[in-house]
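Notes for the structure review
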Amino acid sequence: MKKKRFGLVARREMKGYIFLLPWLIGFVCFFAVPLVQSFIYSLSNVKMTAAGRKMSYVGFDNFKYLFNEDTVFTGLLTDFYREAILRLAVILVFSLVIAMMLNHNIKGKGVYRTIFFLPIIVVSGPVLQRLMDEGATTVPLIESYGVSGIISELLPASLANPLNGLFTQLILVLWYSGVPILIYMAGLQKIDRSVYEAALIDGAGGWVAFWKITLPAIQPMILINGIYTLVFLATSGLNSVISEINSRMFNTSFGGGYGVASAMAWVYTLTLAVGLLVIYLVTKPRKATVVEVSKTREQIRVERLHAQRAAARKGGAA
Amino acid sequence: MKKLLSMLLILALAMSAMPFALAEGLEPLTTDEITLRYACWGQAEAGEPEVLQALIAQFEEAHPNIHVEFVPIDQGTWDAGLTNLASQGQLPDVFWVFSVSAAVSNEWALDLTEFYEKDPDAQELYPTMVSSSKIGGKNYSYPAVLFPHMVFMNKTLFDKYNVDLPSTDWTWDDYFDLAEELSHPEEFYFGVSNPLYVDLFPAAINGNQGKFGWDGEAYHFDDAWVEAVETRAEVINNKICEWMSAEDKEAVLGDPGAWPPGKGRTAMHIDWPWTMAMFNTTVKEETGCEFVYYPLPMGEGKGELAIVDNGIIAASTEHPREAWELAKWMSWGPMAALKRQETYRSLGYPVSRMPVVSTPEVWQDLVDNADDTIKGFYEAVLTRGVNFVPSNWPVCPGWGEIEAYYNSNDIDGKILRGELSAADVAAELEEVANRGRDNYLASIAE
């Protein structure tokens, strides 16, 4: 019997799959199974009793409970998205500004980059919580000059509360900008300097160059940063929606238990998916459009001159 | 005639023996060699590991055939740890819980009503510990240790304003009169702080009610609640109560996040025993203030709300009778309280967890060994006939619903700002609370 032999391509593919295998096993065991399980839980009444787990199918009752009876979850969800929109805008703009500054040839560039990235490494959930409790994440001037009071007076509570929340945790929001800064810098460094030089020769200033060259060039990075930041905010250990889901898992006495907590997790995930889709639609790179530019008099004169010279050369040759 | 006389004698004997029979109705303990598993939190606190070992040793000495195995569970993830054990059918026989109502809902807790009725030692518990901890008419939990509310009297401020310290047998009227006398908001010194009247007044006025008027059967947002929430607003608005803004704290204390009671700015601060050590050391050193610890002022109901940690016996235990005995010897029983106090003393630590029983010998032991700063507190507990009412939130059915409704509607805040009248909203709150109770009871009946 002839032994079947794998071709070079097949062997290479197999090596790839072997490298992927640990991740795939991890995904199936620690992600896919719990994912399916949490969906089943969301359709069930689940109790971890003294005698073990008890489950009974309840259809979409847990979801109905969340939207019709629960007094906490929908409020937390709305608050989260209000705050996330404001924070997203601040983080995207702030990190772009810092990335553009760091992209210049300045002394100690590496040190500055490290400083801006350091909070991401150093500040974990419990440390952040401690810093927040100590008031280290607020801007003292905002409290001292009564900015919060002015905002509360001028704006409706639905807008004033997230805005004040943003101000009171402004430093925290800025700390979240480490990774977006790096991503922007990667994008900025890929832009060919000669494009700026050409624009400069054509009379474009820094402002025009930013809008016409920099921003379109880094649009994919804005999309990546938007997605990264929303996911980061949504999965942060300080997120009150996550805390609520955690606490509801174990507290079955107040509309809780694994069933309701799983339904919450699914609603949260689906709303996040919608949020990510919105970010994609708003920031996705547009197709490049060819713009017909009318020729200047100088260009027309030069073209005519070239044509006349060409015609003269032809005549001379004949 | 003789026959009638003998029958009467037998009847009299039977009647006289009846209470004894009822009290001694607990079945005898097993003589088999068994192991009981026990879990409680607080093991990271100074003195608690030693207390635990002393209590286990005392129990095992009294019951040589019963071995006790301690189950360590991380306090930070207590519920998750218990849930994991439950999913494997490995719950300890006796363990503490943060939420009794959740434990009952999860079918973790054994019905202990019969034990309370038959064990004579249970008569030593403060009566409201049992009556207000009922869920659907049954007792599923036991009170383990007690943290009474105390008034931290800043003796130095009393001296500064030439006001005499009151008797420890004082009333709420005395407290508010003194508060007014001691308040000097223009100097940023205040009569009181931590105005927990919404928690405290139902017990003080009605005697057997916890927060939101829970009495073991229903919530009551009655006159006690109205008085509490209105008094809170009044003392804050009149600047009798410390309520300093961040700006004021920065200007006066040099730190917008400063805690004024800890800076010696309050004459009468309501707090708990676990803060005493800090006041006796850090606060005293920083401010130079002397503190004396008083019991809460007495109301006409003679009830005092106290923070209570609760335990349950697992519904899955194979030895319920022995588990009840273990719970008693490890936490609420008079002998457990005495052993705890003795161990703390031998280690040189102040007693931070107090007894849940009214047994005079237990409190007398505290009086006999207390220093002058707290002796008056213990004596007052002993002599005033206080009825400690347990903090009811871990037990009350439907607590989560009324708490969420109350907080999300900012009831206290709106009354404080004069946007809402307490009397107008009381009926609605009572309805929401009792509806939550009904929903909970219906859910556990399913």
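Predicted model only: the values in this text are computed from it and were never measured.

**As for the overall build of chain A**
Along chain A, the regular secondary structure elements total 16 helices and two strands. Per-residue burial for chain A yields a buried fraction of 33% across its 318 residues. A sequence separation of at least 24 residues applies to 68% of the contacts in chain A between residues at least 6 apart. With the model as given, the accessible surface of chain A reaches about 20,600 Å², and the carbon-plus-sulfur share is 67%.

**Some points on the overall build of chain B**
Assigned secondary structure in chain B consists of 19 helices and 12 strands. Whereas a compact globule of 446 residues would reach a radius of gyration of roughly 22 Å, chain B reaches 24 Å, a difference of no more than 12%. Oriented by its inertia axes, the alpha-carbon framework of chain B measures out at about 80 × 65 × 50 Å. Residue burial in chain B is summarised as follows: out of 446 residues, 56% are buried. Restricting the contact set of chain B to residue pairs at least 6 apart, pairs at least 24 apart contribute 76%. Summed over its atoms, the accessible surface of chain B is roughly 18,900 Å², and 51% of this surface lies on carbon and sulfur atoms.

**Observations regarding helix α8 (residues 172–182) of chain B**
Every α-helix winds through 3.6 residues per turn, so residues three or four apart in the chain are directed the same way. Residue and element names in this part refer to chain B. Among the residues making up α8, those that are buried are W172, Y175, F176, L178, A179 and L182. Taken end-on, α8 shows its buried residues confined to a sector of 160°, consistent with a single buried face. Facing away from the buried side of α8 by over 90 degrees, the exposed positions are D173, D177 and E180. For α8, the secondary structure elements touched by its buried residues are α7 (155–160), β8 (190–193), α9 (197–206), α10 (223–237) and β9 (266–271).

**Some remarks on the interface of chain A and chain B**
In this assembly, 17 residues from chain A lie in contact with 24 residues from chain B. Between chain A and chain B, roughly 1,800 Å² of surface is buried when both sides are summed, and carbon and sulfur atoms account for 53% of that area. Joining chain A to chain B, the criterion identifies two salt bridges. There are four residue pairs in polar contact (both at pLDDT 80 or more) connecting chain A and chain B. Contributions of two or more residues to the side of chain A that touches chain B are made by β1 (44–49), β2 (52–57) and α6 (140–144) of chain A.

**Comments concerning the domain arrangement of chain B**
Residues and elements named next belong to chain B. Taken domain by domain, chain B holds domain 1 (31–145 + 307–377) and domain 2 (150–304 + 392–445). Centre-to-centre separation of domain 1 and domain 2, based on C-alpha positions: 28 Å. Across the contact, 22 residues belong to domain 1 and 24 residues belong to domain 2. Together domain 1 and domain 2 conceal approximately 1,800 Å² of surface at their shared face, both sides included; 66% is due to carbon and sulfur atoms. The tally of links from domain 1 across to domain 2 stands at zero salt bridges. Remark: the boundary between domain 1 and domain 2 carries five residue pairs in polar contact (both at pLDDT 80 or more).

**Looking at helix α1 (residues 8–42) of chain A**
All names here are of chain A. Taking 1.5 Å per residue, 35 residues should reach 51 Å; α1 reaches 47 Å between its end C-alpha atoms and fits that length. Where α1 bends most, at L20, the angle is about 45°, and the proline P22 comes one to four residues later. Inspection of α1 places S38, Y41 and S42 among the buried residues, and these make up the whole buried set.

**A word on the packing of aromatic side chains**
All names here are of chain B. Tallying each qualifying case throughout the model produces 51 aromatic pairs over all chains. Summarising the aromatic geometry, the rings of Y175 and F176 are spaced 4.8 Å apart at their centres and angled 80° between planes, so their arrangement reads as edge-to-face. The structure contains a cluster of three or more aromatic residues connected by ring pairs, namely F212, W214, Y219, F221, W225, W393, W399 and Y406. In this structure, K211 packs its charged tip against the face of W393, placed 5.9 Å from the ring centre.

**A look at the packing of helix α2 (residues 61–68) of chain A against helix α15 (residues 258–283) of chain A**
Residue and element names in this part refer to chain A. Running from amino to carboxyl end, α2 crosses α15 at an angle of 70°, the nearest separation of the two axes being 9 Å. Overall, the two elements α2 and α15 adopt an arrangement that is roughly perpendicular. In contact with N62, F63, Y65, L66 and F67 of α2, α15 contributes G259, V260, A263, M264, W266 and V267. Here the residues of the contact of α2 with α15 are counted per class, giving nine nonpolar, two polar and no charged.

**Structural notes on the nonpolar core**
Judged by nonpolar contacts, the single largest core of 152 residues is most densely connected at Y38, Y197, F221, W225, M268 and Y378 of chain B. Counting contributing residues, this core receives three or more from each of domain 1 (31–145 + 307–377) and domain 2 (150–304 + 392–445) of chain B. Apart from the residues lying within four places of it in its own chain, the contact partners of M268 of chain B are V151, F152, M153, F158, W170, Y175, L178, A179, L182, G191, V192 and S193 of chain B. Membership of the second largest hydrophobic core comes to 56 residues, among which are L96, L102, L170 and A234 of chain A.

Criteria and cut-off values
- Note that residues are indexed from 1 along each chain, following the sequence as it is written.
- Whichever chain is written first becomes A and whichever ligand is written first becomes 1, with later ones labelled in order.
- Reporting of local features is limited, given that this is a predicted model, to residues whose pLDDT is at least 70; pairs of side-chain atoms are given and counted only at 80 or more, and all residues count toward the totals for whole chains, interfaces and linings.
- Calculation of side-chain values draws on the structure's entire complement of heavy atoms; hydrogens and water are dropped beforehand.
- Here a strand is any run of E in DSSP of at least two residues, a helix any run of H or I of at least four, and the numbering for each starts at the N terminus.
- Throughout this description, buried means an accessible area under 20% of the type-specific maximum (1.4 Å probe, protein chains only), exposed means over 50%, and partly exposed covers the range between.
- Here, two residues are considered to be in contact whenever any of their heavy atoms come within 4.5 Å of each other.
- For accessible areas, the Shrake-Rupley method is used with a probe of radius 1.4 Å. Any residue's cover is judged against the shown protein chains and nothing else.
- Our radius of gyration looks at C-alpha atoms and nothing else; its globule reference is 2.2 Å times the residue count to the power 0.38.
- Relevant arc is that of directions from the helix axis to the C-beta atoms, nothing else.
- Using a 1.4 Å probe, buried area is obtained as the accessible area two parts lose upon being combined, added over both of them.
- Salt bridge, as used here: a side-chain nitrogen of Lys or Arg that lies within 4 Å of a carboxyl oxygen of Asp or Glu.
- Under the rule applied, a polar contact is a pair of N or O atoms within 3.5 Å (in protein, one hydrogen donor and one hydrogen acceptor; residues adjacent in sequence only if both atoms are side-chain atoms).
- For every domain, the bounds stem from an assignment made automatically or drawn from a database.
- Here a helix's expected span is defined as the number of its residues, less one, multiplied by 1.5 Å.
- The bend reported for a residue corresponds to the angle between axes fitted to the seven residues ending at that residue and the seven starting there.
- Aromatic contacts are taken between Phe, Tyr and Trp rings whose centres are within 6.5 Å, Trp giving its six-membered ring; a plane angle under 30 degrees counts as stacked, one over 60 as edge-to-face, and the others as tilted.
- Here, a charge over a ring means that NZ of Lys or CZ of Arg falls within 6 Å of the ring centre while also lying within 35 degrees of the ring normal.
- Only the stretch in contact is used when fitting a helix axis, every axis being a line fitted to C-alpha atoms; angles between N-to-C directions are given from 0 to 180 degrees.
- Comment on the angle field: the value is read as roughly parallel under 35 degrees, roughly antiparallel over 145, roughly perpendicular from 65 to 115, and oblique elsewhere.
- Residues are grouped as follows: Ala, Val, Leu, Ile, Met, Phe, Trp, Tyr, Cys and Pro are nonpolar; Asp, Glu, Lys and Arg are charged; every other residue, Gly included, is polar.
- The set of buried Ala, Val, Leu, Ile, Met, Phe, Trp, Tyr and Cys residues whose side-chain atoms join them within 4.5 Å is what this entry labels a nonpolar core.

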